[in-house]
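Structure at a glance
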Amino acid sequence: MNRRIFTTMPTLLALACAAMAAQAQSGDYPARAVKLIVPYAPGGSADIAARLISAEWAKALGGEMFIENRAGAGGNLGVDSVAKSAPDGYTIGLQTVSLAINPALFPKMPFNTAKDLAPVGMVASSQHVLVVGQQFAPKNVAELIAAAKAAPGKYSYGSAGAGSTFHMSAELFKARAGVSVLHVPYRGGGPALIDTIAGQVNMSFPVLSAALPQVQGGKLRALGVTGAKRSSLMPDVPTIAEAGLPGYSFETWFMAFAPAGTQPALIEKLNAALNKALATPAIRERMIKEGFDPIASTPVAARARLESEMPQWAALIKERGITAE
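Below is a summary of the structure that appears in this document. Only a predicted model underlies this, so the values are computations on that prediction, with no experimental measurement involved.

Considerations on the side chain of Arg 221
Looking at the element boundaries, Arg 221 is found in strand β9 (residues 220–225). Buried within the structure, Arg 221 lacks any salt-bridge partner; Glu 143 is the closest side chain of opposite charge, at an N-O distance of 7.1 Å. In this structure the side chain of Arg 221 is engaged in a polar contact, spanning 3.5 Å, whose partner is the backbone oxygen of Gly 133. Among the polar contacts listed, one links the side chain of Arg 221 to the backbone oxygen of Phe 136, at a separation of 2.4 Å. Apart from residues lying up to four places away in sequence, Arg 221 is in contact with Leu 130, Val 131, Val 132, Gly 133, Gln 134, Phe 136, Pro 138 and Lys 139.

Things to note about the pattern of salt bridges
With the rule as written, the count across this model stands at 11 salt bridges. A salt bridge links Lys 84 to Asp 80, with the shortest nitrogen-to-oxygen separation between them at 2.5 Å. The exposure class assigned to Asp 80 is buried, which follows from its relative accessible area of 13%. Residues Glu 171 and Arg 320 are paired through a salt bridge, measuring 3.5 Å at the closest nitrogen-oxygen approach. On the criterion of sequence distance, the pair formed by Glu 171 in helix α7 (residues 165–177) and Arg 320 in helix α12 (residues 299–320) is long-range, its members being 149 residues apart. Several salt bridges converge on common partners, so that one network encompasses Lys 35, Glu 68 and Arg 70.

Details of the environment of Phe 205
Position of Phe 205 among the secondary structure elements: in the loop between β8 (203–204) and α9 (208–216). Given a relative accessible area of 1%, Phe 205 falls into the buried group. Excluding anything up to four places from it in sequence, Phe 205 contacts His 128, Val 129, Leu 130, Gly 158, Phe 166, Ser 169, Ala 170, Phe 173, Thr 226, Ile 240 and Tyr 248.

Examining the environment of Ile 194
Mapped onto the fold, Ile 194 is located in helix α8 (residues 189–198). On the basis of relative accessible area, Ile 194 is assigned to the exposed category, the value being 56%. C-alpha separation for the pair Ile 194 and Leu 220, spaced 26 residues apart in sequence, amounts to 9.9 Å.

A short note on the sheet that holds strand β1 (residues 34–38)
The six strands lie next to each other as β2-β1-β3-β10-β4-β11, forming an open sheet whose pairing is mixed. The open sheet terminates on both sides in strands that have one partner only, identified here as β2 (65–69) and β11 (292–294). Pairwise comparison of adjacent strand axes, ignoring direction, gives a mean angle of 30° for this sheet. The sheet contact formed by strand β3 (residues 91–95) and strand β10 (residues 251–259) spans three bridges and is antiparallel. Looking across to β10, one finds that Gln 95 is bridged to Met 255. This element, helix α2 (residues 45–61), spans β1, β2, β3, β4 (117–127), β10 and β11 of the sheet and lies at about 160° to β2.

Analysis parameters
Residues numbered from 1 in each chain as written. Predicted model: local features only at pLDDT ≥ 70, side-chain atom pairs only at ≥ 80, totals over all residues. Heavy atoms only, no water. Helix = DSSP H or I, 4+ residues; strand = E, 2+ residues; numbered from the N terminus. Buried < 20%, exposed > 50% of the residue type's maximum accessible area, 1.4 Å probe, protein only. Lys, Arg positive; Asp, Glu negative; His and termini not counted. Salt bridge = Lys/Arg side-chain N within 4 Å of Asp/Glu carboxyl O. Polar contact = N/O pair within 3.5 Å; in protein donor to acceptor, adjacent residues only side chain to side chain. Contact = heavy atoms within 4.5 Å. Pairing = 2+ DSSP bridges. Axes fitted to C-alpha atoms, helices over the stretch in contact; angles between N-to-C directions.

See below:
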């Protein structure tokens, strides 16, 4: 027998066996419950999004799914646990736009976003809204910008913590408007809203669904939503771009992902089931009522969005000198 053929046969056999094993694993998947890690405490927007879709996603996948909240380090703790899990499709994660922000915000990341994660697909986007207390004099975005320019550093905004989407949407606002407004970080969005209502801080940029009850109850005034279009939940509230800051746009997005090295067949199966769940009328209706706009995508499109936004946020963070402290 030709020696070259002889020596390559074990390699070919190993590759064939691996391919057969992969096909069998994909075909049997899921044989047990899939863990969906949310890198924040229960009750936040990522947790709400996960709970809205998980049951229908599991149904479309043909198995079961349970949520594990693993908060800490601006979401990095939970994402890292996914990155370091076995790439077998049984541990996946759901993270916000912080997936694109954190690599530039934290000097020492426990994982490499581009190399250690495999995007499964987009899930949804959600707007934030600029709100002020009823005692705050400016009645619209243009008046707020004028007041802030006239008195640099006089006004303040509350956020859900350094590096949160509250924080980043406000810093983007400050950069585009050319104003100096003091950042007051809180341990969560709830306390920031309470102090905005009380007048301890002048404004905040919460997710729309969190602010809606307070706006409807007359405790807060909404000056503008952060997205490129008005929200169906607040149709009378203009976008910030419409109201006095052309070009401004910010949305939180939510993305599902798996550990790098997960077989493409498993990624495709997870993606197909996710998109099927997002297309379910009842799920879409519930998500929209909670302030989410469902997004169906391919894994390739999700990765492209992530990688295109990382340098944009890195530039803003460097320009503004923003830190996670």
